[in-house]
Amino acid sequence: MDDIPLEIDLPPVLTAWFAARGWRPRPHQLAVLQRTRSGQSVLLTAPTGGGKTLAGFLPSLCDLIHLGTGSGAAKAGRLHTLYLSPLKALAVDVRRNLQQPIADMELPIQVESRTGDTPQSRRQRQRRNPPHMLLTTPEQLALLLSYRDAARYFAGLRYVVIDELHALAANKRGDLLALGLARLAGLAPGARQIGLSATVAAPVQMARFLDCAGPVSVIDGGPGPRPDIAVMAAAARVPWAGHMTLHAMADLYAAIGRQRTTLVFVNTRAQAEVVFNHLWRLNEDSLAIALHHGSLAVEQRRKVEAAMVRGDLRAVVCTSTLDLGIDWGAVDLVIQVGAPKGLSRLVQRIGRANHRLDEPSRALLVPSNRFEVLECQAAAEAVMEGELDGEPQRRGGLDVLAQHILGTACGGPFHSDTLYAEVCRAAPYVGLSRDSFDRVVDYVATGGYSLRQYERYARLRLDAQGRHEIAGPRVARQYRLNVGTIVQEPMIRVRLLRGRNLGQIEEWFIDQLVIGDTFAFAGEILRFEGMRETVATVSRAAGVEAKVPSYYGGKFPLSTYLAARVRVLLADTKSHGRLPAPVRNWLALQRCHSVLPGPDGLLVEGFPRGGKHYLVCYPFEGRLAHQTLGMLLTRRMERAGYRPFGFVASEYALAVWSLNEVGEVEPLFGEDMLGDDLEEWLAESNLLRRTFRNVALIAGLIERRHPGQEKTGRQMTFSSDLIYDVLRKYEPDHILLRATQTDAATGLLDIKRLGQMLTRVRDRIEHRRLDRVSPLAVPLMLEIGREAVHGDSMEELLSEAGEELIEEATRLL
């Protein structure tokens, strides 16, 4: 940023505000101001606590002060700045942080947030009379663009600030946002886009997300101080397997007690409930510990956030709902319970501690099992080296495009040629063919060849000018009720008898309960009292053991880059001295009885046990890729006469057990398994049906919400299965079936990653025939034991065998 002057003319009131606090604008903040003044959009990458949010709003503040709000130049009722956040909590937090300096400077600038939690009356008023700055989400932007007055509403827009851009760009919410930004660029061509992110591995690629509004300048705010990261070596022994980290709860509680304020991050909502309840059982000092995750009632979440701002809490157990940008400078320590699965996510979470410029963040990683120790160590070392991982640029989903096309029609008639050109300016759709676009338009208009005879799917019609318009006002109402790309399992509200709403739990879990069952939710033990209409009523039931709600989704895959770091760490015996003694001895014993996996090859072990033959491989490619490999591997083994019984997959390894011993393993791992074997399996499985339901919901083929009612999960599954069968039989090339296959390959199946692994290990497979289970296979064997055996007999047996082997390794060393 050598070409950016150290001093840029700021409004006197803003200069005085900086001076009163002993601050000076940072070079990257001034760079954003200078570049946007020259008519460029900007991508700013700056460390957490590096003032990137202020940098994003500095052009808006300067512009509004210069125009003179209240004097008529910056008119009330004219939207000036639109801020977009991936999290509702972040939008609320940024609003609070903006309002304070605006009040300090006595500026008549109106700042409001708009999310799904905003009261309907306020949202209607914001449409009639927008504030100068509106802080919202991609879904709310799509809603605002769907109204016929969108051109008037956004006509005076000068800046669009997109916070935590990396969290949106790699998923379907990013597709929806990119399409919305391209539309905004047409409605408000003078508006500049400012992307903000603390964790961008490929900034030039990320900048393409913003280039629909013209040239984009990438500004690097510097790396910031390296964080202080430790991996906890719990006082108790490191478990072989398991994911709840219960062995470390006493150490976790002690770490919380040594700090003023701690954020305890977990990877799933179920784990959040478990960790919170165990900490409360240990809480003899009555520390103020709270719980925060997306299924809790919004009132409860806002209450926790406000308590954090006031400094009333010693710790919050949370999920990804608090990953991003929340400005809590008083947080002393971030604890990550369980392996982080990705470097960028870990950096983001660590940045919540010491959220102040030029001060290192402190973090403690708490692995759940021995393999997670390796992942935590590899992640800590990579973060200290300043490494990041990231997703490659994705192709935009056709289901999201269908939703956007319908939303565009709700806002007014469109010509296909004009809309196609606009869509192709959105980064995920730059390579979209005209044929694919036209087929999506035809689907939105008629449902496609097989469904066009049904009136309910006729949502667009041509007007006298040859433009597409909605078929009636009902289409617009239904679109606005169902907009968005976040597909969750149907949720049931949970309410105390004669009490308050606690939040939502997935419908399928409630369906398993009978009256009197107890479960953990919202940090309490609850007794199920029954259903009243669509609400699960509960009472408090302290002091009893309880089930823990499970949730579909919410589990993060092991990133490709971090997986590679784990393989390197595992193969480098010189680095093992940095590991806890139980893990160090475990790996030493593996070298004695077998070998350690190499960084680029594939170790495959075979051994007999209990009348079966086990085949265990260690790809370290994540659970999704391993599950797909397991399905395809068992099909090949069946054809070869090995008679497989089943398999189990973890993030790190895969085990298959069969009646007959496997001879040659190389043919089983051929790259051609992703051809006919994959197609045959997909044709027989229900996986595509499940994926199709999600695609159909996003594309509007199935509508979950209707005025005053919402479909149950069973109703949606029945509808989607029926349509899926019709399309497969009569229109197998339907655009939504194509979208379904793409989603399955890149999502639930992780085909690309599996294919890369098979290519990497070609001619590098090491097959070891053993006479007993290897130390490295013990964790996976315990997973099999939990599924197949009642009680702990198998776990105890393997653990005892493992401890004996560890003692042997210790003697050898």
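Residues numbered from 1 in each chain as written. Predicted model: local features only at pLDDT ≥ 70, side-chain atom pairs only at ≥ 80, totals over all residues. Heavy atoms only, no water.

Undergrad: Explain the overall build of the protein to me, and be specific about the residues and the numbers.
TA: When its secondary structure is counted, the protein shows 30 helices and 27 strands. Every one of the 813 residues in the protein was classed for burial, and the buried ones make up 58%. Accessible area of the protein: about 33,400 Å², with a carbon and sulfur share of 50%. (Helix = DSSP H or I, 4+ residues; strand = E, 2+ residues; numbered from the N terminus. Buried < 20%, exposed > 50% of the residue type's maximum accessible area, 1.4 Å probe, protein only. Areas by Shrake-Rupley, 256 points an atom, 1.4 Å probe, with all protein chains shown as cover.)

Undergrad: Report on empty space enclosed by the protein, specifying residues and quantitative values.
TA: Evaluated as defined, the whole model comprises four cavities of 30 Å³ or more. Looking at the largest cavity, its volume works out to about 210 Å³. As for the largest cavity, its lining consists of 18 residues, of which Leu406, Arg459, Gln478, Gly700 and Glu703 are closest to the centre. At the level of elements, α16 (398-410), α19 (473-482) and α25 (687-699) are the ones that each hand at least two residues to the lining of the largest cavity. Looking at which element gives the most residues to the lining of the largest cavity, the answer is α19, with five residues. Here the lining of the largest cavity is composed, by residue class, of 10 nonpolar, four polar and four charged. In this structure, the second largest cavity spans a volume of roughly 90 Å³. Contributions of two or more residues to the lining of the second largest cavity are made by α6 (138-145), α9 (172-187) and α16. Broken down by element, the lining of the second largest cavity gets its largest block of residues, four residues, from α6. (1 Å grid on protein atoms, 1.4 Å probe; cavity = no way out; pocket = protein on both sides within 12 Å on 5 of 7 lines; lining within 4 Å. Points joined across faces, edges and corners; volume = space filled by probe spheres on them. Nonpolar A, V, L, I, M, F, W, Y, C, P; charged D, E, K, R; others polar.)

Undergrad: Describe the side chain of histidine 404, and please don't skip the residues or the numbers.
TA: Structurally, histidine 404 can be placed in helix α16. Residues within four places of histidine 404 in sequence aside, it is in contact with Leu179, Gly180, Arg183, Glu422 and Val423. (Contact = heavy atoms within 4.5 Å.)

Undergrad: Residue-level account of the sheet that holds strand β18 (residues 518-521), with values.
TA: Across the sheet, which stays open at both edges, the five strands sit in the order β17-β16-β20-β19-β18 with mixed pairing between neighbours. Looking at strand neighbours, the two that pair on one side only are β17 (501-506) and β18, the edges of this open sheet. Across the sheet, the axes of successive neighbouring strands diverge by a mean angle of 45°, strand direction being ignored. Here six bridges tie strand β19 (residues 524-532) to strand β20 (residues 535-540), and the two strands are oriented antiparallel to one another. Paired with leucine 526 across the two strands is arginine 540, which belongs to β20. (Pairing = 2+ DSSP bridges. Axes fitted to C-alpha atoms, helices over the stretch in contact; angles between N-to-C directions.)

Undergrad: Lay out the nonpolar core in plain terms, naming residues and giving numbers.
TA: Counting residues in each nonpolar core, the largest one holds 111 residues, and the members touching the most others are Phe154, Leu401, Ile405 and Phe669. Ignoring anything within four residues of it in the chain, the contact list for isoleucine 405 reads Phe414, Leu419, Phe437, Val440, Val441, Val444 and Leu460. Counting residues in each nonpolar core, the second largest holds 51 residues, with Ala378, Leu579, Tyr652 and Trp657 among its members. (Core = buried A, V, L, I, M, F, W, Y, C linked by side-chain atoms within 4.5 Å.)

Undergrad: Outline the pattern of salt bridges, listing residues and values.
TA: Pairing of side chains with opposite charge becomes possible as their charged atoms draw close. Per the counting criterion, the structure on display carries 37 salt bridges. With its nearest N and O atoms 2.4 Å apart, the salt bridge here joins glutamate 524 to arginine 540. Here glutamate 524 is found in strand β19, whereas its partner arginine 540 is found in strand β20, with 16 residues between them in sequence. What makes glutamate 524 buried here is its relative accessible area of 17%. Overlapping salt bridges, with partners in common, bring together Arg567, Glu621, Arg753 and Arg760 in one network. (Salt bridge = Lys/Arg side-chain N within 4 Å of Asp/Glu carboxyl O.)

Undergrad: Run through the packing of helix α15 (residues 370-384) against helix α22 (residues 581-593), naming residues and quoting values.
TA: Where α15 meets α22, the closest approach of the two axes is 10 Å, and the angle between their N-to-C directions is 105°. The orientation of α15 relative to α22 falls into the category roughly perpendicular. When α15 is examined against α22, the residues Arg370, Phe371, Val373 and Leu374 are found in contact with a partner set consisting of Pro582, Val583, Trp586 and Leu587. Partitioning the contact of α15 with α22 into residue classes produces seven nonpolar, no polar and one charged. (Parallel < 35°, antiparallel > 145°, perpendicular 65-115°, else oblique.)

Undergrad: Please set out unusual backbone geometry residue by residue, giving values where relevant.
TA: Not every positive phi belongs to a glycine, and threonine 245 is a case in point at roughly 60°. Position of threonine 245 among the secondary structure elements: in the loop between β8 (228-231) and α11 (249-257). Since its relative accessible area comes to 3%, threonine 245 is described here as buried.

Undergrad: Before we move on, could you go through the sheet that holds strand β24 (residues 654-658) and cite the residues and values that matter?
TA: Taken in spatial order, the five strands of this open sheet run β23-β24-β22-β21-β27, and their pairing is mixed. Of all the strands in the sheet, the pair left with one neighbour each is β23 (644-649) and β27 (765-769). Between one strand axis and the next, the sheet turns by 15° as a mean value, whatever way the strands run. Sheet topology places β23 next to β24; five bridges connect them, and they run antiparallel. For glycine 646, the partnering residue across the bridge sits in β24 and is tryptophan 657.

Undergrad: If you had to explain the packing of aromatic side chains to someone new, which residues and values would you point to?
TA: Following the criterion strictly, the structure yields 15 aromatic pairs and no others. In textbook terms, an aromatic cluster arises when at least three aromatic residues are bridged by ring pairs, as seen for Trp240, Phe371, Trp586, Phe620 and Tyr652. Taking NZ or CZ as reference, arginine 370 lies 4.0 Å from the ring centre of tryptophan 240, over its face. Looking at arginine 480, its charged tip hangs above the ring of tyrosine 147, at a distance of 4.1 Å from the centre. (Phe/Tyr/Trp six-rings, centres within 6.5 Å; stacked < 30°, edge-to-face > 60°. Lys NZ or Arg CZ within 6 Å of the ring centre and 35° of its normal.)

Undergrad: Tell me what's going on with helix α24 (residues 676-684), and back it up with residues and numbers.
TA: Structural remark: α-helix, 3.6 residues per turn; residues separated by three or four positions point the same way. Those residues of α24 that fall on the buried side of the exposure criterion are Asp677, Leu678, Trp681 and Leu682. For α24, the angular spread of the buried residues around the axis is 125°, confining them to a single face. Turned more than 90 degrees away from the buried face of α24 sit Asp676, Glu679 and Glu684, all of them exposed. (Arc of directions from axis to C-beta.)

Undergrad: I'd love a proper account of the pairing of β20, names of residues and values included.
TA: For β20, the buried fraction is high: five of the six residues fall into the buried class. Here four bridges tie strand β16 (residues 491-496) to β20, and the two strands are oriented parallel to one another. If you follow arginine 493 over to β20, its bridge partner there is valine 535. In this structure, the hairpin formed by β19 and β20 is closed by a connection of two residues, where glutamate 533 is found at a positive phi of approximately 55°.

Undergrad: Requested: an account of the packing of helix α1 (residues 12-20) against helix α3 (residues 52-67), with residues and values cited.
TA: Between α1 and α3, the least distance of the axes is 10 Å, while the angle of their chain directions is 140°. Between α1 and α3, the angle is such that the two are oblique. Mapping the contact onto sequence places Val13, Leu14 and Phe18 in α1 and Leu54, Leu58, Cys62 and Ile65 in α3. Looking at the contact of α1 with α3 residue by residue, the classes come out as seven nonpolar, no polar and no charged.

Undergrad: Explain the pairing of strand β1 (residues 41-45) residue by residue, including any values.
TA: Within β1, five of the five residues are buried, which leaves the element mostly enclosed by the surrounding structure. Of the two faces of β1, both are covered, the one formed by Ser41, Leu43 and Thr45 as well as the one formed by Val42 and Leu44. Of the pairings in the sheet, the one linking β1 to strand β7 (residues 216-220) comprises five bridges and is parallel in character. Pairing of leucine 43 across the sheet is with valine 218, part of β7. When β1 meets strand β6 (residues 192-197), the two strands line up parallel, connected through four bridges.

Undergrad: Break down α9 for me, citing the residues and quoting the values.
TA: Between its first and last C-alpha atoms α9 spans 23 Å; for 16 residues at 1.5 Å apiece the expected length is 22 Å, and the two agree. In terms of burial, α9 is a largely internal element, 14 of the 16 residues being buried. If you check the start of α9, you find a side-chain oxygen 3.0 Å away from the backbone N of arginine 173, and it comes from asparagine 171. (Expected span 1.5 Å × (residues − 1). Polar contact = N/O pair within 3.5 Å; in protein donor to acceptor, adjacent residues only side chain to side chain.)

Undergrad: Can you tell me about the environment of histidine 278, naming the residues and giving the values?
TA: Within the secondary structure, histidine 278 sits in helix α12 (residues 269-282). A C-alpha to C-alpha distance of 7.8 Å links histidine 278 and leucine 246, two positions 32 residues apart in sequence.

That is the geometry; function is a separate question.
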